[in-house]
Structure formats: structure tokens, C-alpha cells
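Letter by letter, the chains look like this.
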Amino acid sequence: MKHKAGIIGYGNMGSWHAENVNSRIDDLEVVCVYDIDPERQKLAEENGLKVYSSAEELLASDIDIVIIATPNNYHKYYSILAMESGKNVVCEKPACMNCEELEEVIAVSEKTGKLYTVHQNRRFDSDYAKMKEIIDRDMLGKLF
């Protein structure tokens, strides 16, 4: 069964997530977005995605997961809204603006039973790839 995801915020990171999920993950597909910018809405439509006129409409759809890729100060709001709407959340970094906001988000995750995680993928960055190569070639000996 293929799971469906929606993205709130289709700027640079939102569109990056859509492209990467749809090209690399077999059992997950980004199918819809919500963005306030008409140009980003048009781009999403050109990329074959359904565009909703509000986050609430997107969250009422049959998606399983919401990717939050808005400006940082909206991460808490949309993460809580998504989990309270029954959706699992992958949020761009930083998770929230401060620890207190993050504690609120975690409390909602625990209350709703919905997954909340933060995207921090660095494995394709050149420095991380070089370290992986060094470790794979056993150039440092046993690591512990």
C-alpha cells in the first residue's frame, strides 16, 4: 500500500522534499500541497500536485503524513494542527523557535498518538559522504 503525503510550504525545501520523496521512496507519494504564494501554487500544479487553498483543506484530505516546510516561526502551529487533524508529521529544522514550543509539540504528539519527527538529512553532504567512505574503508580502525 502506498502512503500519501502532503506538504505545507512549497518553497525551496518543500519542493525538494516532494521531488526526493517521489523519486526515492517507493511506498510514499507526495500528492498535495498548501502554500500561500500563488507562484509556488502554480509550480506545484505544474509538477502534478493537487493544491489546496488552506492548510485545513489539505489536512482534511486522505493523506497519512504532512511535511512542514514553512518559515520556522510556523513550525509549531502547523505541526500541532496536523497532529490534531490525525496526521503524522515530518517537520523541517529547526523543530520550533525554542524548547518551550517543542515541548508543546511533543505533548500533542503524545496526546494524539501521532508521530512527530524533524528532518535533518545530512547523509548526502560531501563531508558526511567522505566520513562514511573513511569508515567503510576502515581507515580509522575500530570506532567506539
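Up top is the structure these notes are about.
Summarised in this report is the structure supplied together with it. Note that the coordinates shown come from a computational prediction; the quantities given were computed from them, not determined experimentally.

Residues Met131, Ile135, Met139, Leu140 and Leu143 make up a contiguous nonpolar surface patch of roughly 490 Å² in combined accessible area. Of note, Met139 is situated in the segment after helix 6 (126-136).

Here helix 5 (residues 99-112) contains 14 residues, and its C-alpha end-to-end distance of 20 Å stays within 8% of the 20 Å for a straight helix at 1.5 Å per residue. Inspection of helix 5 places Glu101, Val105, Val108 and Ser109 among the buried residues, and these make up the whole buried set. Buried residues of helix 5, seen end-on, are gathered within an arc of 105° and therefore sit on one face of the element. Those residues of helix 5 that are exposed and angled more than 90 degrees off the buried face are Cys99, Glu100, Glu103, Glu110 and Lys111. In this fold, the buried residues of helix 5 make contact with helix 4 (75-84) and strand 6 (116-119). Of the residues flanking the start of helix 5, the one acting as N-cap is Asn98, its side-chain oxygen 3.1 Å from the backbone nitrogen of Glu100.

Its place among the elements puts His119 in strand 6. Taking the relative accessible area as the measure of exposure, His119 reaches 16% and is therefore buried. Among the polar contacts made by the side chain of His119, one reaches the side chain of Glu92 at a distance of 3.0 Å.

This part takes up the nonpolar core. Counting residues in hydrophobic clusters, the biggest one holds 22 residues, and the most contacted among them are Ile8, Leu58, Val66, Ile68, Tyr78, Val89 and Tyr116. Those elements that place two or more of their residues in this core are strand 2 (28-34), helix 3 (55-59), strand 4 (65-68), helix 4, strand 5 (88-92) and helix 5. Take this core: its biggest share by element is 5 residues, from helix 4. Ignoring sequence-local partners within four residues, the contact set of Ile68 consists of Ile8, His75, Tyr78, Ser79, Val89, Val90, Cys91 and Glu92.

Here we come to the environment of Asp136. Inspection of the secondary structure puts Asp136 in helix 6. Residues Asp136 and Glu84, spaced 52 residues apart in sequence, show a C-alpha to C-alpha distance of 43 Å. There is a polar contact of 2.6 Å between the side chain of Asp136 and the side chain of Lys132.

It is worth spelling out the sheet that holds strand 2 at this point. Pairing is parallel in the open sheet, where 6 strands are placed in the order 3-2-1-4-5-6. Each end of this open sheet is capped by a strand with a single partner; those strands are strand 3 (50-52) and strand 6. Direction aside, the axes of adjacent strands within the sheet are offset by 30° on average. In this structure, strand 4 lies alongside strand 5, joined through 4 bridges in parallel fashion. The residue of strand 5 that forms the bridge with Ile67 is Val90. Sitting on the sheet, helix 1 (residues 12-24) is in contact with strand 1 (3-8), strand 2, strand 4, strand 5 and strand 6, with an inclination near 155° to strand 2.

Conventions adopted
All chains use their own residue numbering, which begins from 1 and follows the written sequence. For this predicted model, a pLDDT threshold of at least 70 governs which residues receive local features, and a threshold of 80 or more governs which side-chain atom pairs are given and counted, while totals over whole chains, interfaces and linings are taken from all residues. Note that the side-chain values use all heavy atoms of the structure and ignore hydrogens as well as water. Grouping into patches uses exposed residues only, defined as over 30% relative accessible area, and leaves out salt-bridged ones; the cut-off is 9 Å for like charges and 5 Å for nonpolar side chains (Val, Leu, Ile, Met, Phe, Trp, Tyr). Areas reported here follow the Shrake-Rupley algorithm with a probe of radius 1.4 Å; residue values treat only the protein chains shown as occluding. Between Lys or Arg on one side and Asp or Glu on the other, a salt bridge is scored when a side-chain nitrogen of the former is within 4 Å of a carboxyl oxygen of the latter. Going along the chain from the N terminus, every DSSP run of H or I of four or more residues is numbered as a helix, and every run of E of two or more is numbered as a strand. Multiply 1.5 Å by the residue count of a helix minus one, and that product is the helix's expected span. Think of it in three bands: with a 1.4 Å probe and only protein chains considered, a residue is buried below 20% of the maximum accessible area for its type, exposed above 50%, and partly exposed in between. Picture the helix axis, draw a direction to every C-beta atom, and the arc is the one those directions span. Every residue pair with non-hydrogen atoms within 4.5 Å of one another is taken to be in contact. Identification of polar contacts relies on pairs of N or O atoms within 3.5 Å, with a donor-acceptor requirement for protein atoms, meaning one able to donate a hydrogen and the other able to accept it, and with residues adjacent in sequence counted only if both atoms are side-chain atoms. Here the nonpolar core consists of buried residues drawn from Ala, Val, Leu, Ile, Met, Phe, Trp, Tyr and Cys, with membership extended through side-chain atoms lying within 4.5 Å. Here, strands pair whenever DSSP counts at least two bridges between them. Only the stretch in contact is used when fitting a helix axis, every axis being a line fitted to C-alpha atoms; angles between N-to-C directions are given from 0 to 180 degrees.

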